[in-house]
There are 2 protein chains.
Amino acid sequence: MTKPMTFTLSEDERPTSWYNIVADLPVPPPPPLHPGTHQPVGPDDLSALFPPELIAQEVSTERWIEIPEAVQEIYAQYRPAPLIRARKWEEKLGTGARIYVKYEGVSPAGSHKVNTSVPQAYYNKINGINRLTTETGAGQWGTALAYACSLFDMECEVWQVGHSFDTKPQRRTLIEVFGGKVHRSPSRMTESGKAFPEDHPGSLGIAISEAVELAAQDEGAKYALGSVLNHVLLHQTVIGQEAVLQLAKAGESGADLVIGCAGGGSNLAGLIFPFLRENLVEGKTARLVAVEPASCPTMTRGQYAYDFGDTAGLTPLMKMYTLGHDFVPSKIHAGGLRYHGMAPLVSHVVHEGLVEAVALEQDECFAAAVEFARTQGIVAAPESAHALAQARREALAAKEAGTEPVIVVGLSGYGLLELGAFDSYLKGNMSGDSLSDEDLAASLAGIPEIRV
Amino acid sequence: MTKPMTFTLSEDERPTSWYNIVADLPVPPPPPLHPGTHQPVGPDDLSALFPPELIAQEVSTERWIEIPEAVQEIYAQYRPAPLIRARKWEEKLGTGARIYVKYEGVSPAGSHKVNTSVPQAYYNKINGINRLTTETGAGQWGTALAYACSLFDMECEVWQVGHSFDTKPQRRTLIEVFGGKVHRSPSRMTESGKAFPEDHPGSLGIAISEAVELAAQDEGAKYALGSVLNHVLLHQTVIGQEAVLQLAKAGESGADLVIGCAGGGSNLAGLIFPFLRENLVEGKTARLVAVEPASCPTMTRGQYAYDFGDTAGLTPLMKMYTLGHDFVPSKIHAGGLRYHGMAPLVSHVVHEGLVEAVALEQDECFAAAVEFARTQGIVAAPESAHALAQARREALAAKEAGTEPVIVVGLSGYGLLELGAFDSYLKGNMSGDSLSDEDLAASLAGIPEIRV
């Protein structure tokens, strides 16, 4: 019998609740503020956009929140996502690190995003909503929401960031295969979009403004967000809960290092919060590392301040690491990491020193992804490549230091629709992409001054 | 606890041998013939192209052939492939059929092809071969071989059918990500290629001729074929062996119907041969159905005759269903099904009446694939879509007949790199594509007359 390489869970080991980190945090996170009054927002302020169950989750301090049966049934189609011992990559690296990859690319839409699109569609549906609007950057969130809407017989309308729309027609087709409708953002359908020229490359901030604007106008429609908010992060905690159990099945007493990429923060939070729980509650000491791109260095070079989640200033003000809400990132290939802010909960745990943050340039990330593909056979999304590159660094550093850590790497999705970016990398067409000091300063100047 | 939807196997249930159908066939299949002498080929005739272990497997009559430990280790990275109860699709269809999908798209290269590329690379490597040449149609075989070669530190050179090369740059990039080198076929590097104009759309037959020609010239190189031959079909039997066991885990006493698409025949054989064994040895009565495209109707409208496997006539003559070895198929999207012949073993069991064959037009196949995506979240390869469409037909027919069959459908891979074809379908740009009687007659005229 060969050594097992993939670890799964039996039916009765699958998570039946989402984990809410707020219940275990030593310091409570700062509340979101109303964009007009600068007072903490109440549930009523959110009801134009979200159904009551999601609002309750957004502000909940309960530790465990039960996953509805209908959602568990759909999770059961593709979860548990495999935890893969990356032995072939380990051999190539030649270090003593034991590297486990938690792979979300097996999900219907090819990324972790389905973990939250399904419950979001479900809660809207049971509240009589039949149309959801949203934004998408890399396209993975739009794909995931379109699929979830098709399951519940709902309409799905997606504003895709212009640059992504222009360069990734396959992604648009995939959303359409799942029954969704795609608009290039900035579009001419909203005031938020019309504020920009039609050929503008767009940004997640603009696309969010457009989707929010339309949902607010239509009684039967709501808006769905793919990251950043507490309830979105909550849904993703199935990832880390599974990984904790799978790691035990692999015979490990725990992780020394858990690494994930961070754009809006939901993939990272979903993976690390259950490990952070072990640190906070069980006295474990895993290092938790968030990796962001050097071109959009929210946590490593941004400010921890109240700012808007979108460009037009329609969303509540959130205390978070931000580059300023009118930041327009360079056209780096990891579209899912091109967001000016960071989930308030992730920002909070980074600010509290519970989680580390690093920024990497994309050349190094693609190099790691190609090495990983040639050994493990999985083509990681450019976003996930950031986590791989950091894992590579850590494994090599551990070898220098004479240690043999257990490293868990979050692979949020596949890169099969981003092969154009891999082509650029293989042809040597990628260059350094750090954000310049001038651009950073200009962008930070746009952060509103809020006194609380 | 929710009802399980995916069925897997424990470590000690994984197949450790490949299954050789030849051992259980009531009538032995006709031997391949030397292209010059028309005498049965011996092992020596094949040694320029293949290493001894693969030649031994090609002519073996042993029932079980052990899978080398090194190969089992790599299989363990992604196998067992999931057997998925397609409940959401069942609900949509509204029939009483219980539909199980055996999904090979989770493999490194995204299709079943890795099941044979890995052992082929392995056997070549242990015989001192460091370079493999091959052809690829849809691109899945080239991808799978490139990955296998990267695992064993070998060079991989792929002749991609011209039309596929021109319309699917992502596929070429994916092969390159795995370290392979891609040439458009017909190329200017071989005599076989130069016989055609440079902008010719190509065919699998031409691409095979090119790869064979180059391998025969280089002492350190061998050729690897992705389908058709006995040893390739043999390696694929892990699919059906797993499915038989998984079906039992799902609580079914057996399958009423097993359906797979057939291009060269390896995916189909891998799935159905273990079920055919149950029919032959255990007295079971599952209907086994091969689905081919109406534009390349090898089994349903071709002749059962000796013909060449390639266009240039370099390969042995094989008794098989064939449209004639100079058949150039229309540019249908299911590139993997555009082959003029059919695996001799598959042809034999169809000819003996042990397996049925049907031909479908692509509109119906894409319609089924879109319905499947919107319910199950998996975008099937256009090839696999043929199996889905037939399963749909069978489920609806069973409802008419008042039966509730257990249907196993082979999903040989994902269609994520074929979204251009889905786009055409969604835009209504697909039309009927049956092979005309004139084109069929012209092509059949090219079959050599062989008296045995």
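What counts as what
- Numbering of residues starts from 1 in every chain and runs along the sequence as written.
- Throughout, the order in which chains and ligands are written sets their labels, letters from A for the former and numbers from 1 for the latter.
- Totals for whole chains, interfaces and linings use all residues, but because this is a predicted model, local features are given only for residues with pLDDT of at least 70 and pairs of side-chain atoms are given and counted only at 80 or more.
- Side-chain calculation: all heavy atoms of the structure are included, whereas hydrogens and water are not.
- Helix and strand definitions follow DSSP, with helices as H or I runs of at least four residues and strands as E runs of at least two, each counted in order from the N terminus.
- Working definition: with a 1.4 Å probe on protein chains only, accessible area under 20% of the residue-type maximum means buried, over 50% means exposed, and in between means partly exposed.
- Residue contacts are counted whenever heavy atoms from the two residues lie within 4.5 Å of one another.
- Throughout, the Shrake-Rupley method with a 1.4 Å probe supplies accessible areas, and for residues the shown protein chains are the sole cover considered.
- A quick way to say it: buried area is the sum, across both parts, of accessible area lost when two parts are put together, with a 1.4 Å probe.
- The salt bridge definition used is simple: a Lys or Arg side-chain nitrogen within 4 Å of an Asp or Glu carboxyl oxygen.
- Each copy is superposed on the other by least squares, with the fit set by C-alpha atoms of residues at a pLDDT of at least 70 in both.
- Nonpolar core, defined: a set of buried Ala, Val, Leu, Ile, Met, Phe, Trp, Tyr and Cys residues in which side-chain atoms within 4.5 Å join the residues together.
- Pairing between strands is defined by DSSP: at least two bridges between the two strands are required.
- Where helices are involved, their axes are fitted lines through C-alpha atoms of the stretch in contact, as for all axes, and angles between N-to-C directions lie from 0 to 180°.
- Any pair of Phe, Tyr and Trp rings, taking the six-membered ring for Trp, is counted once the centres come within 6.5 Å. Such a pair is stacked with planes under 30 degrees apart, edge-to-face with planes over 60 apart, and tilted for the rest.
- These descriptions rest on fixed angle ranges, namely under 35 degrees for roughly parallel, over 145 for roughly antiparallel, 65 to 115 for roughly perpendicular, and the rest for oblique.
- Note on convention: near helix rotated counterclockwise from far helix by under a right angle means a left-handed crossing. Clockwise means right-handed.
- Charged means Asp, Glu, Lys or Arg here, nonpolar means Ala, Val, Leu, Ile, Met, Phe, Trp, Tyr, Cys or Pro, and polar covers whatever is left, Gly included.
- This arc corresponds to the set of directions leading from the helix axis out to the C-beta atoms.
- Consider the strands pointing away from the viewer: the crossover is right-handed when the path from the first strand over the helix to the second runs clockwise.
- Any pair of nitrogen or oxygen atoms within 3.5 Å is treated as a polar contact; in protein, a donor-acceptor pairing is required on top of that, and neighbouring residues in sequence qualify only through side-chain atoms on both sides.

### As for the overall build of chain A
- Assigned secondary structure in chain A consists of 18 helices and 15 strands.
- Seen through its principal axes, chain A has C-alpha atoms that stretch 60 × 50 × 45 Å.
- Classification of the 452 residues of chain A by burial places 67% in the buried group.
- Residue pairs in contact within chain A that sit at least 24 positions apart in sequence constitute 76% of those at least 6 positions apart.
- Only carbon and sulfur atoms are counted for the fraction: they give 49% of the accessible area of chain A, which is about 14,700 Å².

### Considering the interface of chain B and chain A
- Between chain B and chain A, the residue contacts involve 43 residues of the former and 43 residues of the latter.
- Counting each side, the surface lost to burial between chain B and chain A is near 4,100 Å², with a carbon and sulfur contribution of 60%.
- Applying the counting criterion to the chain B and chain A interface returns two salt bridges.
- A salt bridge links B:K88 to A:E73; the nearest nitrogen and oxygen atoms lie 3.9 Å apart.

### Observations concerning the relation of the copies chain B and chain A
- Least-squares fitting of chain B to chain A yields an RMSD of 0.0 Å, with the transformation described by 0.0 Å of translation along the axis and a rotation of 180°. Taken together, the turn and the small shift mark the pair as related by a two-fold rotation axis.

### Details of the nonpolar core
- Grouped together as the largest cluster of nonpolar side chains are 194 residues, with contacts concentrated most on A:W18, A:Y223, A:V379, B:W18, B:Y223 and B:V379.
- Core analysis: the next-biggest nonpolar cluster, separate from the first, contains 37 residues, B:A269, B:Y321, B:M342 and B:V355 among them.

### Quick look at the sheet that holds strand β10 (residues 257-261) of chain A
Residue and element names in this part refer to chain A.
- What the seven strands build is an open sheet, ordered β1-β4-β5-β15-β10-β11-β14; its pairing is mixed. Two strands close off the open sheet at either side, each with one partner strand: β1 (6-7) and β14 (356-360).
- Where β1 meets strand β4 (residues 83-85), two bridges bridge the pair, whose relative direction is antiparallel. Pairing of T6 across the sheet is with I84, part of β4.

### So, the environment of A:P197
- In this structure, A:P197 sits in the loop between α9 (191-194) and α10 (204-217).
- Not counting residues within four places of it along the chain, the set of residues in contact with A:P197 comprises A:P186 and A:R188.

### A closer look at the sheet that holds strand β6 (residues 131-136) of chain B
Residue and element names in this part refer to chain B.
- One open sheet accounts for four strands, arranged β8-β7-β6-β9; its pairing is parallel. Each edge of the sheet is formed by a strand with only one pairing partner; in this case those strands are β8 (181-185) and β9 (221-223). In this sheet, adjacent strand axes meet at a mean angle of 25° when their direction is disregarded.
- Where β6 lies against strand β7 (residues 155-161), six bridges are found, and the strand directions are parallel. Across the sheet, residue T133 finds its bridge partner in β7, namely E157.
- The strands touched by helix α6 (residues 140-151) within the sheet are β6 and β7, with β6 carrying the most contacts at an inclination of about 165°.

### Describing the packing of aromatic side chains
All names here are of chain A.
- According to the stated counting rule, one finds 22 aromatic pairs over all chains in the structure shown.
- With 6.2 Å between their ring centres and 50° between their planes, F50 and Y223 make a pair best called tilted. Pair noted here: F50 is in the loop between α1 (43-46) and α2 (52-59) and Y223 is in strand β9 (residues 221-223), with a separation of 173 residues, a long-range link. The burial state of F50 is the same as that of Y223; both residues are buried.
- Here Y147 and F178 contribute two aromatic rings whose centre-to-centre distance is 5.4 Å and whose plane-to-plane angle is 55°, an arrangement assigned as tilted. Of the two residues, Y147 sits in helix α6 (residues 140-151) while F178 sits in the loop between α8 (169-177) and β8 (181-185), which places them 31 residues apart along the sequence. Across this residue pair, the class does not change: Y147 and F178 are buried.
- An aromatic cluster of at least three residues, connected via ring pairs, comprises Y122, Y123 and F152.

### Quick look at the environment of B:L396
Residues and elements named next belong to chain B.
- Structurally, the position occupied by L396 is in helix α16 (residues 382-401).
- For L396 and I259, which are 137 residues apart along the polypeptide, the C-alpha to C-alpha distance reads 15 Å.
- Those residues in contact with L396 that lie beyond four places of it in its chain are L93 and T95.

### Remarks on the pattern of salt bridges
Residues and elements named next belong to chain A.
- Within this structure, the stated rule accounts for 46 salt bridges over all chains.
- When the shortest N-O distance is used, the salt bridge between E104 and R79 registers 2.8 Å. Taken together, the residues E104 in the loop between β5 (98-103) and α5 (114-126) and R79 in the loop between α3 (69-78) and β4 connect sequence positions 25 residues apart.
- Two residues, E252 and R98, come together in a salt bridge whose shortest N-O distance is 2.7 Å.

### Observations concerning the pairing of strand β5 (residues 98-103) of chain B
Residue and element names in this part refer to chain B.
- The element β5 is largely enclosed, with a buried count of five among its six residues.
- Strand direction decides the pairing type here: β5 and strand β15 (residues 406-411), joined by six bridges, are parallel. In the sheet register, I99 faces β15, and the bridge partner there is I407.

### Observations concerning the packing of helix α11 (residues 230-249) of chain A against helix α12 (residues 266-282) of chain A
Residue and element names in this part refer to chain A.
- Relative orientation of the contacting elements α11 and α12 amounts to 55°, with a least axis distance of 6 Å. Relative to α12, α11 is oriented oblique. In this structure, the crossing between α11 and α12 has a hand that is right-handed. On α12, the residues that touch V232, L233, Q236, T237, I239, G240, Q241, A243, V244 and L247 of α11 are S266, N267, A269, G270, L271, F273, P274, F275 and E278.
- Along the lines of polarity and charge, the residues of the contact of α11 with α12 split into 11 nonpolar, seven polar and one charged.

### Here's the deal with the environment of B:E62
All names here are of chain B.
- Residue position: E62 is located in the loop between α2 (52-59) and β3 (64-66).
- Judged by relative accessible area, which is 52%, E62 ranks as exposed.
- With 78 residues separating them in the primary sequence, E62 and Q140 have C-alpha atoms 29 Å apart.

### What to know about α2(B)
Residue and element names in this part refer to chain B.
- Taken residue by residue, α2 has L54, I55, Q57 and E58 as its buried positions. With its buried residues spanning 160° around the axis, α2 presents them on a single face.
- Its buried side turned inward, α2 meets β2 (17-19), α1 (43-46), β3, α5 (114-126) and α11 (230-249).

### Digging into unusual backbone geometry
- In this structure, A:P80 follows A:R79 across a cis peptide bond, with omega equal to -5°.
- Take A:P80: it is sitting in the loop between α3 and β4.
- B:P186 follows B:S185 through a cis peptide bond whose omega is 5°.
- With a phi close to 60°, A:H38 is a non-glycine residue in the positive phi region.
- Summarising the element assignment, A:H38 is placed in the loop between β2 (17-19) and α1.
- We note that B:V228 has phi near 70°; this positive angle belongs to a residue other than glycine.
- Within the fold, B:V228 resides in the loop between β9 and α11.

### A few points about the pairing of strand β11 (residues 287-293) of chain A
Residue and element names in this part refer to chain A.
- Burial of β11 is extensive: six of the seven residues sit out of reach of the surface.
- Here five bridges tie β10 to β11, and the two strands are oriented parallel to one another. Paired with L257 across the bridge in β11 is R287.
- For the segment spanning β10, α12 and β11, crossover handedness is right-handed.

### Topic: the side chain of A:T134
Residues and elements named next belong to chain A.
- By the element assignment, T134 lies in strand β6 (residues 131-136).
- Owing to a relative accessible area of 0%, T134 belongs among the buried residues under this scheme.
- For T134, the side chain forms a polar contact with the side chain of W141, separated by 2.5 Å.
- What T134 contacts, discounting residues up to four positions off in sequence, is W141, L145, E157, V158, W159, A211, Y223, A224 and L225.

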